[in-house]
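One letter stands for each residue in the lines below.
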Amino acid sequence: MTDAIRIPERSGTAFRLPKGATLEVIDPMGVQVSDLLAFNADDVGEAISSGRTFDYAETIYLTTGHTLYSNRSRPMLEIVADDVGRHDFLLTPCSYDTFRHFYPDKPLHRGCFGNLAEALAPYGVTEDMIPCAFNCFMNVPVNGETGKLEVLPPISKAGDKIVFRAAMDLVIGLTACSAYSSNGGSFKPIDYRVLP
């Protein structure tokens, strides 16, 4: 078993994930979100798409057995295991603007958006190319009558994970989220493991 790699709190990373490889995203301490992005490693103009994924899955609650699709309607990541069963694909990565809007009394932070932009820049991904992330472990219930969203603490416990299989050669961006509400008010690391 390959050792897990730790993403420190409020930071991010990027790496290549070959077709057929497995990616485990692990919440080592519980109640911590991880924003995940995926791009075609051979053409970063092809990126993960919440809209395409919701369209084909016919649900906004994605878990084991669902596939995350690209903006070109091609499978990118298959969810092959999921300890939590509650993740978000509606909300954009937190950013300076997010902090100004939701946390005006807190220190500004570049958030997942800034962390992803920095980590993905060496792969040719610019800020304007960053789509909605698949927010692992993020708990965003939707009122079925009003459509109102609520951000609640994750239900993930220490050691819980979600496991993906790459359907093409990918560049992955991954964070330990920086937003207060998303993580129950505290910030913790995220672990990940890549298996062939």
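Residues numbered from 1 in each chain as written. Predicted model: local features only at pLDDT ≥ 70, side-chain atom pairs only at ≥ 80, totals over all residues. Heavy atoms only, no water.

As annotated in an unreviewed UniProt entry, the protein chain carries the name DUF1989 domain-containing protein and comes from Sphingomonas dokdonensis.

A word on the pattern of salt bridges
Let me state the cut-off plainly: Basic side-chain nitrogens of Lys or Arg form a salt bridge, by our definition, when they fall within 4 Å of a carboxyl oxygen of Asp or Glu. Segments assigned H or I by DSSP are reported as helices when at least four residues long, segments assigned E as strands when at least two residues long, and all are numbered from the N terminus. Throughout this description, buried means an accessible area under 20% of the type-specific maximum (1.4 Å probe, protein chains only), exposed means over 50%, and partly exposed covers the range between.
Counting across every chain of the model gives ten salt bridges. Put simply, Glu-24 and Arg-193 hold a salt bridge, and the shortest N to O gap is 2.6 Å. Here the residue Glu-24 occupies a position in strand 3 (residues 22-27), and Arg-193 occupies one in strand 11 (residues 190-195), the gap between them amounting to 169 residues. For the pair Glu-24 and Arg-193, one class covers both residues: buried. A salt bridge links Glu-118 to Arg-110; the nearest nitrogen and oxygen atoms lie 2.8 Å apart. The class of Glu-118 is exposed, set by a relative accessible area of 51%. One network of salt bridges, in which partners are shared, links Asp-43, Glu-46, Arg-72 and Arg-74.

Quick look at the nonpolar core
To keep things clear, this is the line we draw: What makes a nonpolar core is a set of buried Ala, Val, Leu, Ile, Met, Phe, Trp, Tyr and Cys residues whose side-chain atoms join them at distances within 4.5 Å. Working rule for contacts: check all heavy atoms of both residues, and any pair within 4.5 Å makes them a contact.
In terms of nonpolar packing, the biggest core is built from 55 residues, with Val-25, Leu-36, Leu-77, Phe-134, Phe-164 and Ile-172 touching the most fellow members. Tallying contributions element by element places helix 3 (residues 111-120) first for this core, with five residues. If sequence neighbours within four positions are ignored, Leu-36 has contacts with Leu-23, Val-25, Ile-48, Leu-77, Ala-133, Phe-134, Cys-136, Phe-164, Ile-172, Gly-173 and Leu-174.

Brief notes about helix 1 (residues 50-57)
The following threshold applies: The arc in question is formed by the directions pointing from the helix axis toward the C-beta atoms. Residues adjacent in sequence count toward polar contacts only when both atoms are side-chain atoms; beyond that, a polar contact is any pair of N or O atoms within 3.5 Å, and within protein one must be able to donate a hydrogen and the other to accept it.
Residues of helix 1 that are buried: Ser-50, Thr-53 and Phe-54. The arc enclosing the buried residues of helix 1, seen along the axis, measures out at 95°, which places them on a common side. Against strand 6 (67-69) lie the buried residues of helix 1. Where helix 1 begins, the side chain of Ser-49 points an oxygen toward the backbone nitrogen of Gly-51, at a separation of 3.5 Å. Trailing helix 1 by a residue or two, Glu-58 shows a phi angle of about 60°, which is positive.

Quick look at the pairing of strand 3
Going by this rule: Strand pairing follows a simple DSSP-based rule, namely that at least 2 bridges must link the two strands.
Burial runs high along strand 3: six of the six residues are buried. With burial as the criterion, each face of strand 3 is covered, one bearing Thr-22, Glu-24 and Ile-26 and the other bearing Leu-23, Val-25 and Asp-27. Alignment of strand 3 against strand 9 (residues 160-166), held across six bridges, turns out to be antiparallel. From the neighbouring strand, Asp-27 faces strand 9, where its bridge partner is Asp-160. The pairing of strand 3 with strand 11 spans five bridges and is antiparallel. From the neighbouring strand, Ile-26 faces strand 11, where its bridge partner is Asp-191.

A few points about the sheet that holds strand 1 (residues 5-7)
Under the convention used in this document: Between N-to-C directions, angles cover 0 to 180 degrees, with each direction set by a line fitted to C-alpha atoms, over the stretch in contact for helices.
Taking strand neighbours across the sheet as the criterion, the six strands line up as 1-11-3-9-7-6 in an open arrangement whose pairing is antiparallel. Both edges of this open sheet fall to strand 1 and strand 6, since each of them pairs with a single strand only. Across this sheet, the average inter-strand angle for adjacent strands is 25°, counted without regard to direction.

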